[in-house]
Amino acid sequence: MKIKNLFCGIVLAGSLLGPLAAFAQQEPEEIALANNDFENNFFEALKQKGMENYDKAIVALQKCLAKEPNSAVAYHELGKNYLSLKNYAEAEKAFKKATEIDPKNRWYWQGLYDVYYEQKDFNRAIPIVVKLTEWRKEYYQEDLVSLYMYTQQYDKALTLINEMEQTVGMSEKRERYKLEILAGRGEAKPKREALEEAIKKDPKNEDNYIDLIYLYSESNQEAKAEEVARRLEKAVPTSDWAQVSLFKFNLNNNDPAQATQNMMQVIGSRKIDGKIKHRVLNEFLIYASNNTAYLPALEKAVDAFSGDRTVNVPKEIGKFFFNKKNFSEAIRYFEKALVNKDDDTEAVDLLLFTYAESAQYDKMYKLATKYLDLYPTQPQLYYYAGFAANKLQQYSKAKEWLESGMDFIVDDAALSAKFKQQLDLAKKALGKG
């Protein structure tokens, strides 16, 4: 039997734009169905769809509609099967019919959006997404910004981006779109002069400063970008966005104390997207790794991410130090990573290896045996427990762990050889070699 490897990396990925269907409103197939014939055919359709027999599912659903011609749930399911067959015309008809019968069900509009999105018919997708914002405004606004960009409606995109900055803060994707518009690759290209005039008229509006900073940064005029950031900080002392720019300027100008203050305000801000916070932390990490007096400041910044559920930040920092063979710092952050998320098995594996490299065998033994209680089929945990027991001269325990773990090794000659080496050491020490 092949044992799934416990120790694997985590791949983080995101989509630029794409309809999703995983929220709270009840899926139509969960609705109780009254008529027995209808019900039998409907669940036959679900079964056939599950086996990817979409044609057969469609036949069953057509029988449902012959019985109940105004069933929105049947039309919705019919649309999904036609969409799986890439029969977009029929899928569109079915989803439209479902929305006409029951316009208050978001999933029916979502199906229609799926049809237009798969065909890259973004102009027809836009009014559907506008409709979908009635249910989940901020979620679908993200899609709407991208749709406006795809259809070159840059004025609308910029207006919506600015609105979302005020309501949910900035994101990396929207920042990129905004920069693209402001840099002149779109139709709406605010001039620097116009932005300066706007700042004079409304000096408390952060958006104009931020747009001007982006324009100067894009054209490599960093001194002017810094000057605008400092003007923003003076005009709006509470501006978190001023701190993002000032952090970079202060770090580049070798003023790490001030950059640290900027960083902590950015990390604590509710207005700034997590990806931007991570980018700021990464820049400070590189600086602190070369200027060890600022490692305590780095640790304080990492601790501020303790509530981040998207990325196990201490683990990623630990990996950085691990790759530099700075094992003492790596251990510090891997231990924090397991406090944040005690089932992060990659962090467990990295910490065990780092304990071994640092000759911290007592900690290594305790960690390996603790996780063996949770994951009793993972051979590497047995290896680490046996290895540490040998180092601690607990040869009977080492023999016991290693012999037990060998049963779980599958197709791994290198690990098997390591087990044998440690087992030979334990047996020799016990006089059984």
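What counts and how
Residues numbered from 1 in each chain as written. Predicted model: local features only at pLDDT ≥ 70, side-chain atom pairs only at ≥ 80, totals over all residues. Heavy atoms only, no water. Helix = DSSP H or I, 4+ residues; strand = E, 2+ residues; numbered from the N terminus. Buried < 20%, exposed > 50% of the residue type's maximum accessible area, 1.4 Å probe, protein only. Contact = heavy atoms within 4.5 Å. Core = buried A, V, L, I, M, F, W, Y, C linked by side-chain atoms within 4.5 Å. Arc of directions from axis to C-beta. pLDDT = per-residue confidence, 0-100. Salt bridge = Lys/Arg side-chain N within 4 Å of Asp/Glu carboxyl O. Phe/Tyr/Trp six-rings, centres within 6.5 Å; stacked < 30°, edge-to-face > 60°. Axes fitted to C-alpha atoms, helices over the stretch in contact; angles between N-to-C directions. Parallel < 35°, antiparallel > 145°, perpendicular 65-115°, else oblique. Left-handed = near helix turned anticlockwise from the far one by under 90°. Nonpolar A, V, L, I, M, F, W, Y, C, P; charged D, E, K, R; others polar.

A word on the overall build of the protein. Scanning the protein from terminus to terminus reveals 23 helices and zero strands. Scored against the burial criterion, the 433 residues of the protein give a buried share of 48%. Pairs at least 24 apart in sequence give 57% of the contacts found in the protein among residues at least 6 apart.

A word on the nonpolar core. Judged by nonpolar contacts, the single largest core of 81 residues is most densely connected at Leu281, Leu298, Ile317 and Met364. With eight residues, helix α21 (residues 379-391) is the largest single contributor of residues to this core. Once you skip the residues sitting within four places of it in the chain, Met364 turns out to touch Leu352, Tyr355, Ala356, Tyr384, Phe387 and Ala388. With 49 residues, the next largest nonpolar core counts Ala60, Tyr82, Ile126 and Val145 among its residues.

Here we take up unusual backbone geometry. Here the phi dihedral of Lys86 falls at roughly 60°; this positive angle occurs in a residue that is not glycine. Along the polypeptide, Lys86 turns up in the loop between α3 (72-84) and α4 (88-101). Residue Lys86 is classed as exposed on the basis of its relative accessible area, which comes to 54%. The phi torsion at Gln393 lies on the positive side, around 65°, for a residue other than glycine. Mapped onto the secondary structure, Gln393 falls in the loop between α21 and α22 (395-405).

The next point concerns helix α16 (residues 295-303). Residues Leu295, Ala297, Leu298, Ala301 and Val302 constitute the buried set of α16. Angularly, the buried residues of α16 cover 155° about the axis, an arc narrow enough to put them on a single face. Turned more than 90 degrees from where α16 packs its buried face, Pro296 and Lys300 sit exposed. Those residues of α16 that are buried are in contact with α14 (256-267), α15 (274-290), α17 (313-323) and α18 (327-340).

With that settled, consider the confidence of the model for the protein. Low-pLDDT portions of the prediction should not be read for the details of their coordinates. Chain-level statistics for the protein give a pLDDT mean of 83 and a share of 88% at 70 or above. Counted against residues more than four places away or in other chains, residues 1-35, with its pLDDT under 50, gives 84 contacts. Scored below 50 in pLDDT, residues 185-189 shows 15 contacts in the model against residues more than four places distant or in partner chains.

As enumerated under the stated definition, the model contains 26 salt bridges in all. Asp344 is the salt-bridge partner of Lys315, the closest N and O atoms lying 3.2 Å from each other. One end of the pair, Lys315, is in helix α17; the other, Asp344, is in the loop between α18 and α19 (345-357), and 29 residues separate them in sequence. With respect to class, Lys315 is no different from Asp344; both count as buried.

On to the side chain of Gln48. By the secondary structure assignment, Gln48 is in helix α1 (residues 36-50). Here Gln48 falls in the buried class, since its relative accessible area comes to 8%. If we skip the residues at most four places from it in the chain, Gln48 touches Asn53, Lys56 and Ala57.

The next point concerns the packing of aromatic side chains. Tallying each qualifying case throughout the model produces 20 aromatic pairs. Consider the rings of Phe321 and Tyr333, whose centres lie 5.9 Å apart with planes at 10°: the pair is stacked. Within this pair, whereas Phe321 is found in helix α17, its partner Tyr333 is found in helix α18, the two being separated by 12 residues in sequence. The same class applies to Phe321 and to Tyr333, which are both buried.

Where α18 contacts α19, the axes come no closer than 9 Å and their chain directions differ by 150°. In terms of orientation, α18 and α19 fall into the roughly antiparallel class. Considering only the axes of α18 and α19, their crossing is left-handed. Residue-level contacts link Phe327, Ala330, Ile331, Phe334, Glu335, Ala337 and Leu338 of α18 to Ala347, Val348, Leu350, Leu351, Thr354, Tyr355 and Glu357 of α19.

In this structure, Val244 sits in helix α13 (residues 240-252). Owing to a relative accessible area of 15%, Val244 belongs among the buried residues under this scheme. With near-sequence residues (within four places) excluded, Val244 lies in contact with Val266, Ile272 and Ile276.

As a packed pair, α22 and helix α23 (residues 413-429) sit with axes 9 Å apart at the nearest point and diverge in direction by 145°. As α22 packs across α23, the resulting crossing turns out to be left-handed. Of the residues in α23, those in contact with Tyr395, Ala398, Lys399, Leu402, Glu403 and Gly405 of α22 are Phe419, Gln422, Leu423, Ala426, Lys427 and Ala429. Class assignment for the residues of the contact of α22 with α23 results in seven nonpolar, two polar and three charged.

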